[in-house]
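Observations on the model geometry
Each chain, letter by letter, is given below.
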Amino acid sequence: MEESRIALPIGVTLDRFIKNNQEQFQFSTGELSQLLRDIALASKVVNREVSKAGLIDIMGSMGSQNMAGDQQQKLDVLANIRFTRALTKGGEACALISEESETYVDLNNDGKYVIAIDPLDGSSNIDVNVSIGTIFSIYRRKSPAGQPIQSFDILQKGAAQVAAGYILYGSSTMLVYTTGHGVNGFTYEPSLGEYFLSHPNMTIPANGTIYSVNEGLTNSFSEGVNKYIYYCKDKKYTARYIGSLVADFHRNMLKGGIYLYPATSKDKNGKLRLMYECNALAFIAEQAGGKASDGKGRIMDVSPLDLHQRSPLFIGSVQMVEQAELLIQS
Ligand code: P6P
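Every value quoted in this text rests on a predicted model; they were computed, and no experiment measured them. (Residues numbered from 1 in each chain as written. Predicted model: local features only at pLDDT ≥ 70, side-chain atom pairs only at ≥ 80, totals over all residues. Heavy atoms only, no water.)

1. Re the sheet that holds strand β11 (residues 210-212)
Read across the open sheet, the 5 strands follow the order β12-β11-β13-β15-β14; overall the sheet is mixed. Because the sheet does not close on itself, it has two edges, and the strands there are β12 (238-239) and β14 (291-293). Judged from the 4 bridges that link them, strand β13 (residues 258-261) and strand β15 (residues 313-316) form a sheet pairing that is antiparallel. Looking at β15, one finds that leucine 260 is bridged to phenylalanine 314. Helix α9 (residues 318-329) contacts β11, β13, β14 and β15 of the sheet and is inclined by roughly 25 degrees relative to β14. (Pairing = 2+ DSSP bridges. Helix = DSSP H or I, 4+ residues; strand = E, 2+ residues; numbered from the N terminus. Contact = heavy atoms within 4.5 Å. Axes fitted to C-alpha atoms, helices over the stretch in contact; angles between N-to-C directions.)

2. Regarding the nonpolar core
Core analysis: the biggest nonpolar cluster contains 37 residues, and Leu120, Ile138 and Tyr177 have the highest contact counts within it. The element that contributes the greatest number of residues to this core is helix α3 (residues 31-51), accounting for 8 residues. Val183, Tyr259, Cys278 and Met300 belong to the second largest nonpolar core, which has 31 residues in total. (Core = buried A, V, L, I, M, F, W, Y, C linked by side-chain atoms within 4.5 Å. Buried < 20%, exposed > 50% of the residue type's maximum accessible area, 1.4 Å probe, protein only.)

3. With respect to the site of the ligand
Taken together, the residues surrounding the ligand are Asp121, Gly122, Asn214, Tyr241, Gly243, Ser244, Leu245, Tyr259, Tyr261, Lys271, Leu272 and Glu277. Tyrosine 261 places a side-chain nitrogen or oxygen 2.6 Å from an oxygen atom of the ligand. Computed on the free molecule, the ligand has an accessible area of 400 Å², of which 79% lies beneath the protein chains in the complex. Of the residues contributing to the shell around the ligand, the split by class is 5 nonpolar, 4 polar and 3 charged. (Near = heavy atom within 4 Å. Polar contact = N/O pair within 3.5 Å; in protein donor to acceptor, adjacent residues only side chain to side chain. Areas by Shrake-Rupley, 256 points an atom, 1.4 Å probe, with all protein chains shown as cover. Nonpolar A, V, L, I, M, F, W, Y, C, P; charged D, E, K, R; others polar.)

Right, here's the structure in full:
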């Protein structure tokens with residue numbers, strides 16, 4: 001029996017893929033590649049802890065709140081420590097914005113990159129074993145070196161991102177990222193401790209029939225948003241809302257669909273964070289042929305004023321986002 005039938009190729013690892021594509025990246029001196037490896041390493045540690053959540057004492061809340069007043073889950077804090085340590089040891093980042101830290105975290109003053117991260121989004125789902133995720137966004141600092149300047153190096157528009165990605169800790173763990181040359185998905189094989197290319201050149205279908213929104217908030221949405229939700233119902237679209245942004249976004253990436261977290265009467269700018277939730281997924285969505293809006297226009301054109309500012313988010317299939325914008329602005 002010929003070899004190829006008994007030794008199936010094991011596919012392209014994330015490390016090999018990063019190396020093979022390094023020259024595509026305009027600053028290809030290897031630092032961004034190392035940064036992506038550092039993030040992947042931290043995700044493997046978080047994956048191991050998330051998969052054991054029911055067995056060791058890391059479920060439930062810390063009894064503390066993060067700067068946004070959200071109840072901190074033990075795994076939130078653990079994930080934040082893992083990613084912060086990996087990025088500190090890697091030395092490629094000069095600053096880190098995290099949902100779990102009020103100010104930005106000073107890393108290596110010679111590092112060329114700024115990272116914005118939500119270490120564990122949807123963490124309230126941990127205790128009920130629903131998929132959760134990590135979302136990250138990477139910028140190149142604008143000042144040459146030294147202490148990064150918040151208004152200059154850190155508060156940059158989403159359009160300035162050089163890379164972005166997410167890790168989905170789901171039925172399988174996946175890492176999906178872009179460096180501005182399309183979107184590629186990697187599935188984690190825990191027995192080998194490696195991510196393997198499983199979803200090359202991911203694209204979002206131009207249209208879809210799935211809409212993801214918390215309809216329990218309908219009474220606090222604007223009239224225009226409710227017009228779009230009624231539009232989806234009239235078209236007999238499918239409602240799918242996991243309560244975990246990364247999981248809903250990933251499904252819509254593969255099948256087509258739209259995720260909406262609009263402004264509400266309580267949260268005038270919605271719930272999601274511009275720097276480390278909206279912009280990162282917007283970069284991926286656009287690179288996959290989709291669209292991401294704050295209801296008025298391209299979300300990656302918004303100039304951030306605060307590390308943790310919130311933004312309404314309408315993201316997914318381009319035709320669905322455009323239809324939503326049309327009705328919201330009507
Ligand atoms: P709600 C999780 O807290 C999160 O940030 C997203 O992952 C998720 O889509 C959304 O909030 C759920 O919010 O208000 O519908 O429970």
